[in-house]
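Fold and contact review
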Amino acid sequence: MLEFLWTVASFVIALGILVAVHEWGHFWVARRCGVKVERFSIGFGKALWKRTDKLGTEYVVAAIPLGGYVKMLDERVDEVAVEDLPYAFNRQHVLKRIAIVAAGPIVNFLFAIFALFIMYLIGLETVKPVVADIKPESIFSQSNITKNAIITQVGDRKVADWEDVNYELISHIGKDLMHIKWTEANHVIERSAVVNIETWQFDPDKGSPIASLGLVPFRPEVSKIIGYVLPDSAADAIGLRPNDKILRLDGTTMENWEQIVGYVSSRANQFVKVDVLRGGETVRLEGSIGQNEVEGIVKGYMGFTPTFEAWPAGMLFTHQYGVIDAVTKAMDKTWRMMTLSVEMLGKLLTGDVSVKNLSGPIAIAQGAGMSASSGLVYFLGFLALISVNLGIINLLPLPVLDGGHLLYFVIELFSGRPVPESVQEIGFKVGGVLLLLLMSIAIFNDIARL
Amino acid sequence: MLKQRIITALILAPLALFAILFLPLFSFQLVIAAIIGLGAWEWSSMSGITRTTTKYAYAILVAAVCVCLSILLPTDLIWYQGQLNSLYIYILSAAAIWWAISFFMILGYPKFSSIWYCSKVLRGIFGFFTLIPTWVAVVSLRTSLYDVDPYYGASLIFYVLGIVWAADIGAFFVGVKFGKHKLRPRVSPGKTYEGLMGGIFASSAIIAFAALHYQVDPSRIWLHVVIGALTVGVSALGDLNESMFKRCAGIKDSGTLLPGHGGIMDRIDSLTAAFPIFAFCYVMWMA
């Protein structure tokens, strides 16, 4: 329940920020262009909070936090007094209208740069792309890439951490070949390979792109030392504490954490004797293993988690930069996010990427919750990603969206008169149906993945 | 008026249902040809033709083309080894081009209308491009996969009718019940945002239902959705196209054949665009 609330709260905050930023873009440019803004609303529906400024603009925070809008004076929507006509949106030069409509998505991109800039100033820890193993019979098993390789380049882009690798792998979906470069552990010789990825079938339901190609990222071993004991659990009742190192269960020596889990889960509600190393001394504890029901199967359950062994030196590194570098880095990353989003949309159209990859609001909510619990820097990175996506999606030339309005205005720019409203209506119908169905697919995917 | 409209619909609907489902293919072709002929009669008035003999000649010519096609191409050869007859593909492609042109004509109206405005011949030719592909499209859809499932083609026809009519019906009922915000108060006071949404919602529901019914492969869902949305849009285009021609001829209803509905063309205007374009997309990408 608490986790659910956390997810919802993160989602509302993330969306609130992004909607506010987007609408503020429209609002600010509209004001600069001399258009009268009647209302600036974050959220739809019933107003929760309201304030009116001296220019007559109403600022509203409304109940349904799934979007927002800026309502400008417009003759096509309502009656406009003659003295107000110069301030109506539809009376502006088409270039001004283009600026007002384009401002929303553009501010989304600027916000992404800003969020990433802050993220790089604070600094975040990432993991070097070291390959621990390659799954047999996988696509990468046909290449000469070996264990302990440190991936340095995918395609024509340098990669520094697994997140970069993930981005570049995704951008290769639907291609036939992948150029990849790596160094061996000694960091001197750079090797390269061209991997044939024609047979690569990426399915988001079956793990990450990294895993689906057969790469196993290096991660530290799980130790036999307890990291966390759930209050009121079986482990708690037995008397286990964090930092206890498990030596034996019922006299059997435990080699690793998997063995411990296996031993426990096959003995639901049974009595167990646990030998642990605590403060240099061996301590014997006794009690009953608990139980946990997963999908109708009862398994033994203790309620503790292990600690991980420390990352070897050089595996983790911190992306932290000075002001200038952080700006360049943030712009770089935002640009990559933009190009990748466009690439993915293109592949969706050509069929290289299945509609199964579409994610909707639920996936965004989960992402928001997860990144928020990982810390502020991750939340900033997540905000930047969603902000870029929001900007790109809004620029699609679908009527209903900003891009659709831009399309009408560009036509007007060439034809010299506004697109007839009857034709605009056709556009709204086509755009509306497309958007409604795509949203349904995305939400359907989200639910299927839950 | 509404009562008359409903009575007419209640008489025609079972007839249409029977024709689509149970009529032997050859008779089906002739029935559609007859409807197209009646449409052509009305189109001749919209083209500014006033002499009764010329109107007869035009209507008979259009219907005769359809009948000739039915005689020349036996129904079991319309689709041969999963391929639509190439003449029919050309006709559907011509229709696709014609509707693209029509779109730009409407977009530019009345800027370039002087080219065709005064020409009865040109407007008559436009009628050919509107009516004959509709016949070809309906017949091609009806005979699609006929040897596998004789009702498959009928279901495709119902699908197109469903998309087009759901938009109108959804818009009408949602507009009446919830309509509050006027779409364009000065041009068409009856239309509301809520109605527009209702139409969009209803059409989307039909498209989604069809995706489940035909068990569209996930990799092609996208295509299915695009074709559906295109059909919704193009049906509205058919509507506008007819209005534009009627406006040129200075008439309100295309005819008086259907009590309460106006003429045949008023009823099938959306379909003359929706059927050829849907069939074209279907033949190109889905068959």
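Quick caveat: nothing in here was measured; it's all calculated off a predicted structure.

1. Side note on the overall build of chain A
A count of helices and strands for chain A gives eleven helices and 18 strands. Each of the three principal axes of chain A carries a C-alpha extent, and together these read 90 × 50 × 45 Å. Buried residues in chain A amount to 33% of all 450 residues. Taking all contacts inside chain A whose residues are at least 6 apart in sequence as the whole, residues at least 24 apart take part in 64%.

2. A closer look at the overall build of chain B
Along chain B, the regular secondary structure elements total eleven helices and four strands. Across its three principal directions, the C-alpha atoms of chain B cover 50 × 50 × 40 Å. Expressed as a percentage of the 287 residues in chain B, the buried residues total 43%. Sequence separation of 24 or more characterises 70% of the internal contacts of chain B that already satisfy a separation of 6 or more.

3. Side note on the domain arrangement of chain A
Each assigned domain of chain A is listed here: domain 1 (2–33 + 92–123 + 385–449), domain 2 (125–220 + 311–319) and domain 3 (222–308). Here the C-alpha centre of domain 3 of chain A lies 35 Å away from the C-alpha centre of domain 2 of chain A.

4. Some points on the interface of chain A and chain B
Counting residues at the interface gives 23 residues for chain A and 26 residues for chain B. When residues in the side of chain A that touches chain B are grouped by element, the largest group, 15 residues, is from helix α11 (residues 421–449) of chain A. Residues belonging to the side of chain A that touches chain B are distributed by class as follows: 13 nonpolar, five polar and five charged.

5. A short note on the packing of helix α3 (residues 52–72) of chain B against helix α7 (residues 120–143) of chain B
Residue and element names in this part refer to chain B. Between α3 and α7, the shortest axis-to-axis distance is 10 Å and the interhelical angle comes to 35°. Considering only the axes of α3 and α7, their crossing is right-handed. Along its contact with α3, which presents Tyr 58, Val 62, Val 65 and Cys 66, the element α7 presents Gly 124, Phe 128, Leu 131, Ile 132 and Trp 135. Among the residues forming the contact of α3 with α7, the class breakdown is eight nonpolar, one polar and no charged.

6. A short note on unusual backbone geometry
The backbone phi angle of Asn 243 of chain A is positive, close to 80°, even though this residue is not glycine. Looking at the secondary structure, you find Asn 243 of chain A in the loop between α5 (234–238) and β11 (245–249). In this model, Leu 145 of chain B sits at a positive phi of 55°, which is unusual for a non-glycine residue. Looking at the element boundaries, Leu 145 of chain B is found in the loop between α7 and α8 (152–178). Note on Leu 145 of chain B: 15 C-beta atoms within 10 Å, which makes it partly exposed.

7. What to know about helix α10 (residues 402–415) of chain A
All names here are of chain A. Taking 1.5 Å as the rise per residue, α10 with 14 residues should run 20 Å; its terminal C-alpha atoms sit 20 Å apart, in good agreement. Tucked into the core, α10 has its buried residues touching α2 (94–122), α9 (376–395) and α11. Backbone geometry just after α10 places Gly 416 at a positive phi near 85°.

8. Section: the pairing of strand β7 (residues 177–183) of chain A
All names here are of chain A. Of the two faces of β7, only one is covered, namely that formed by Met 178, Ile 180 and Trp 182; the face formed by Leu 177, His 179, Lys 181 and Thr 183 stays uncovered. Taken together, the seven bridges between β7 and strand β8 (residues 190–196) define a ladder with antiparallel strand orientation. Bridging across to β8, His 179 finds its partner in Val 194.

9. Considering the sheet that holds strand β5 (residues 150–154) of chain A
All names here are of chain A. One open sheet holds the four strands; their spatial order is β6-β5-β7-β8, and the pairing between them is antiparallel. At either margin of the open sheet sits one strand with a lone partner, and together these are β6 (157–158) and β8. For β5 and β6, the ladder comprises two bridges, and the chain directions are antiparallel. Bridge pairing links Gln 153 to Lys 158 in β6.

10. Side note on the pairing of β5 of chain A
Residue and element names in this part refer to chain A. Taken together, the four bridges between β5 and β7 define a ladder with antiparallel strand orientation. The partner of Val 154 across the bridge, within β7, is Ile 180. Between β5 and β6, which follow one another and run antiparallel, lie two residues, and Gly 155 among them has a positive phi close to 65°.

11. Let's talk about the nonpolar core
Ile 36 and Trp 135 of chain B are the most contacted members of the largest nonpolar core, which totals 91 residues. Broken down by element, the residue count for this core peaks at 14 residues, all from helix α11 (residues 264–286) of chain B. Core analysis: the next-biggest nonpolar cluster, separate from the first, contains 52 residues, Leu 15, Ala 103, Leu 116 and Ala 330 of chain A among them.

12. Side note on the environment of Lys 347 of chain A
Residue and element names in this part refer to chain A. On the secondary structure map, Lys 347 appears in helix α7 (residues 323–350). Assessed through the 18 C-beta atoms surrounding it within 10 Å, Lys 347 is described here as partly exposed. Among residues more than four places away in sequence, those in contact with Lys 347 are Ile 173, Gly 174, Asp 352 and Val 353.

13. Remarks on the packing of α2 of chain A against α7 of chain A
In a pair of packed helices, the angle between the axes and the distance between the axes together describe the arrangement. Residues and elements named next belong to chain A. One way to put it is that α2 packs onto α7 with a least axis distance of 8 Å and a crossing angle of 130°. By the angle between their directions, the pair α2 and α7 is classed as oblique. Of the two possible hands of crossing, α2 and α7 adopt the one that is right-handed. Residues Phe 109, Ala 112, Ile 113, Leu 116, Phe 117, Tyr 120 and Leu 121 of α2 touch α7, and the partners they reach there are Ala 326, Val 327, Lys 329, Ala 330, Met 331, Lys 333, Thr 334, Met 337 and Met 338. The residue inventory of the contact of α2 with α7, partitioned by class, reads 13 nonpolar, one polar and two charged.

14. Here's the deal with the environment of Ala 274 of chain B
Residues and elements named next belong to chain B. Tracing the sequence through the fold places Ala 274 in helix α11. For the pair Ala 274 and Trp 222, spaced 52 residues apart in sequence, the C-alpha to C-alpha distance is 19 Å. Ignoring sequence-local partners within four residues, the contact set of Ala 274 consists of Val 160, Val 164, Thr 231, Val 234, Ser 235 and Gly 238.

15. Digging into the confidence of the model for chain A
When pLDDT is low, close inspection of the predicted coordinates is not appropriate. For chain A, per-residue confidence averages 86 on the pLDDT scale, and 99% of positions sit at 70 or higher. The least confident element of chain A, judged by mean pLDDT, is strand β15 (residues 290–294) of chain A at 79; the most confident is α2 of chain A at 95.

16. Considering the environment of Leu 385 of chain A
Residues and elements named next belong to chain A. One can find Leu 385 in helix α9. Residue Leu 385 is classed as buried on the basis of its 21 C-beta neighbours within 10 Å. Residues Leu 385 and Ala 112 lie 273 residues apart in sequence; the distance between their C-alpha atoms is 7.0 Å.

17. Focus on the confidence of the model for chain B
Residue and element names in this part refer to chain B. Mean pLDDT over chain B: 87, with 94% of residues reaching 70 or higher. Taken element by element, chain B is modelled with least confidence in helix α6 (residues 114–117), mean pLDDT 69, and with most confidence in α3, mean pLDDT 93. The ipTM, which scores confidence in the relative placement of chains, is 0.86 for this predicted complex, and the corresponding pTM is 0.80.

Each value, and the rule that gives it
Residues numbered from 1 in each chain as written. Chains lettered and ligands numbered in written order. Predicted model: local features only at pLDDT ≥ 70, side-chain atom pairs only at ≥ 80, totals over all residues. Helix = DSSP H or I, 4+ residues; strand = E, 2+ residues; numbered from the N terminus. Buried ≥ 20, exposed ≤ 12 C-beta atoms within 10 Å, placed from the backbone. Contact = placed C-beta atoms within 7 Å. Domains from an automatic or database assignment. Nonpolar A, V, L, I, M, F, W, Y, C, P; charged D, E, K, R; others polar. Axes fitted to C-alpha atoms, helices over the stretch in contact; angles between N-to-C directions. Left-handed = near helix turned anticlockwise from the far one by under 90°. Expected span 1.5 Å × (residues − 1). Pairing = 2+ DSSP bridges. Core = buried A, V, L, I, M, F, W, Y, C linked by C-beta atoms within 7 Å. Parallel < 35°, antiparallel > 145°, perpendicular 65-115°, else oblique. pLDDT = per-residue confidence, 0-100.

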